[in-house]
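Summary of the model geometry
Chain by chain, the residues:
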Amino acid sequence: MSSPWSRRSFLHLSGSAALLAGMSSVGALAPTGTASAAGDEYDTLRLRWRGMVLGSGFDPAAEPFAGKLALLGTQAAEHRSTMAAVSGSLWPDLPLTISSSITGSYARLATMAQAYAQPGTGLTGGAALAAEIKTGLDHLYQQVYNPAKSQFGNWWDFQIGSPQILLDISVILHDQLTAAQLANHLAAVDRFVPDSSVAQYTGTSTGANRVDLCRSLALRGILGKNAAKVALARDALSPVFPLVTSGDGFYADGSFVQHTYLSYTGSYGAVLLGGLAGLFSLLSGSTWVVTDPKRQLVLDSVEKSYAPFLYNGLMMDAVSGRATSRGNPRITSYGFQGGDHGRGHGVLASIALLGGAASSAENQRWRGLVKGWIQRDYYSPVLADTDLSVAALARLKAVQDDNAVTALGEPTGHRLFPSMDRAVHRRPGWAASISMASKRMGLYETGNGENLRGWHAGAGMLQWWGDTYANGQYTDAFWPTVDPYRLPGITVSRKVLADAEGGAWGLPRPDVNWVGGATDGEYAAIGQFVRGLAGTLYAKKSWFCLADSVVCLAGAVRSADGTTVETVVDNRNLGATGTQALTVNGAAQSTALGWSATLTGADWAQIAGHGGYVFPGGATVKARREARTGSWHDINTGGTTDPITRRYVTLWFDHGVDPVDAACSYILMPGAGAAATAARAADTGWLTVLANDNDQQGVRVASLGVTAVNFWFAGTVGTLSADKPACVLVREHGDGTATLCVSDPMRMQTGLTVTWNRPVAAVLSKPATVASATTGSALTLTFTGLTGQAGATQTITVRLG
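Residues numbered from 1 in each chain as written. Predicted model: local features only at pLDDT ≥ 70, side-chain atom pairs only at ≥ 80, totals over all residues. Heavy atoms only, no water.

Moving on: the pairing of strand E27 (residues 726-732). Burial analysis of E27 places six of its seven residues in the buried class, the great majority of the element. As paired elements, strand E24 (residues 706-711) and E27 share six bridges and run antiparallel to each other. Bridge pairing in E27 places Asn710 opposite Cys727. Pairing between E27 and strand E28 (residues 737-743): six bridges, direction antiparallel. (Buried < 20%, exposed > 50% of the residue type's maximum accessible area, 1.4 Å probe, protein only. Helix = DSSP H or I, 4+ residues; strand = E, 2+ residues; numbered from the N terminus. Pairing = 2+ DSSP bridges.)

What follows covers the confidence of the model for the protein chain. For the protein chain, the mean per-residue pLDDT works out to 93, and 94% of the residues sit at or above 70. Note that residues 1-38 has pLDDT below 50 and, in this model, 141 contacts with residues that lie over four places away or in other chains. (pLDDT = per-residue confidence, 0-100. Contact = heavy atoms within 4.5 Å.)

Under the defined criterion, the tally for this structure stands at 22 aromatic pairs. Consider the rings of Trp464 and Tyr469, whose centres lie 6.5 Å apart with planes at 70°: the pair is edge-to-face. In this pair, the class of Trp464 matches that of Tyr469, namely buried. Arranged with centres 5.5 Å apart and planes meeting at 75°, the rings of Trp465 and Tyr474 form a pair that is edge-to-face. For the residue pair Trp465 and Tyr474, the accessibility class agrees, reading buried in each case. Every member of this aromatic cluster is reached through a ring pair, and the members are Tyr106, Tyr145, Phe152, Phe158 and Phe192. Stacked on the ring of Trp652, the Lys or Arg Arg486 has its end atom at 3.9 Å from the ring centre. Taking NZ or CZ as reference, Arg509 lies 3.6 Å from the ring centre of Tyr261, over its face. (Phe/Tyr/Trp six-rings, centres within 6.5 Å; stacked < 30°, edge-to-face > 60°. Lys NZ or Arg CZ within 6 Å of the ring centre and 35° of its normal.)

The peptide bond linking Glu63 to Pro64 adopts the cis configuration, its omega dihedral lying at 10°. Even without being a glycine, Asp421 presents a positive backbone phi close to 55°. Relative to the helices and strands, Asp421 resides in the loop between strand E6 (413-417) and strand E7 (422-427). A positive phi is found at Ala556, a non-glycine position, where the angle reads about 55°. Summarising the element assignment, Ala556 is placed in strand E14 (residues 550-558). Classification of Ala556 by relative accessible area gives buried; the value is 3%.

What the three strands build is an open sheet, ordered E1-E2-E3; its pairing is antiparallel. Single-partner strands in this sheet number two, and they are strand E1 (249-250) and strand E3 (262-263). Taken together, the two bridges between strand E2 (residues 256-258) and E3 define a ladder with antiparallel strand orientation. From the neighbouring strand, Gln258 faces E3, where its bridge partner is Leu262.

Have a look at this one:
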């Protein structure tokens, strides 16, 4: 019985991965037969696509190409040796009664086709190999993929996975196929990807899925020389371009949502970006060039939607959904690796490809970003990623070697994505992401046997990375070995949950509205009303993202599950053999595996090589150093069952069994050494916690001129008041001016009044949502129309009195 691999994994393993991760413009090995430069426009586009799949401009004898091509040949030879066309299967381990096995069988044939067409594989141009591939294609046609058959299992295999790979093979081997064979393949595609599949922008024909369907229609039209099919594919892309206010697609704040309720920039969004980059390039300059002016919104998304979640070449888990559980179902040296770096590398290649459809200024800027990410990915070097296609490697190496491109550094600043309940805080030397959930956004997604224990990923998970350290923190077998009840940053009940709790595709969403925040683009105040999955957990959580730290509060923590409730300060992956020291209040703790302790009177803690944690006023914190063993199969039924062990240091607050209004606070200082952490703890006036309860949570950091409050309910905290739930961030700039940032995270207010009890001489700038502003001994702002702002920050600049 075959493993139910991720549906996207097949495309990554096959020649089709080139389309998802970047392509070149001319074929690597010229095809034989009748097609020529003198052919018609369809032949031109077919040859262009062939070149995009295979890549060009690379030296097959040089690295990274020689190694990749050798691996491709080895893989193809293995598939060739085990292929056996019998009733019910083409390979013994891929029974054709399972829809994923159909896609998997086409994927293996695609690998063989690439090995045939690419140079340096040891199988290049082999007539016997071409014949065997065609035999395999005929067998799949006769057995399961023909106009007389009906769809079963996962719709995706029949409508996206299998036809994409089949059409790519048909392009690569076009001149070796008979007219009858090509006609059979196109008829099969017509059966499962009819014109009606893009007739309505709804259901499974939205976002990334719509782009995939259009790709198949376009290639079917080119191979069959059918102008109407190609035109339909082009025109059916248009619903993908406009910004949306609900459902799947891009939002004005840069969010990307798929499956209606999930942040998916790094997975479905990556597929969409790669697919559009490929189609824009394919149809460029042709009769069917994509001219819809709204295509610019896709180009804008590179810096607005994708770049904020890319760090040193990795794509943050916060926007990758089920893909986090696909980290390493590797059973051979050339198997699918994935992980946050693998996802990031694919997006880099897609950005490089999309640049050909952008303005010269955009393209040059993007190439600078890509070059910077390539240079900084020390943990998983981009050009050593054998999971990338030859075409993707060629495109990325061209960027690396382009002396006209200046590598750009990581941007700093804060980006808030209220439409998908995500935030990214980027500072010199580190970056962090916060994952939340609400009525608008699911806690997690499980389906296809994937992400079985991702239950709490949306319960305030706080992940972070350093510029030259900890870039493998969540790559190195984190997800199959971490305690899923102790994800970093979450407040959680220890109530035992079943694998896939909430049900496949259930998209469990907590019944809360107050999730979001306000930012001035550098600092931020963020809040989440947390409700537990399949339990009674109730908590208010706030994060105040500042210059060198994130101040974290948890308040009103309640539960009646009959189990312990915890707030996880952090859970750091030390790797397979790590012994990094944990220091608390200046005293080194044990490095013995299995050590645990209750640390009373803890003012600060620091993990060597990672960062520091300050506990304002002192706290009782629990700590553990342990080795945890798991397998990818534990969290994804398509993963290997091989056991993996990783070491962890975990810090958490134990709120006890069924707490009532418990609370805690701490300061996360990424990259801080013991001395810097101790100094912050000793500076007891640096942070003032103004409130941390069910009604409000707020802080004051005088040295930064920051006062910030999350008003869960109306009230007054320090110098700030709000007559309805709101988020307010104030920054005094030290030059006689201040900025107030206000938002309505609930998106339900018909009006809102915020007062800052501070002398203000004049309002220098304000948004249209401010209906009135009164200055003098205090500033009073009255807002209207916030419900149409989708939780966006309203910024007011004033001159102080």
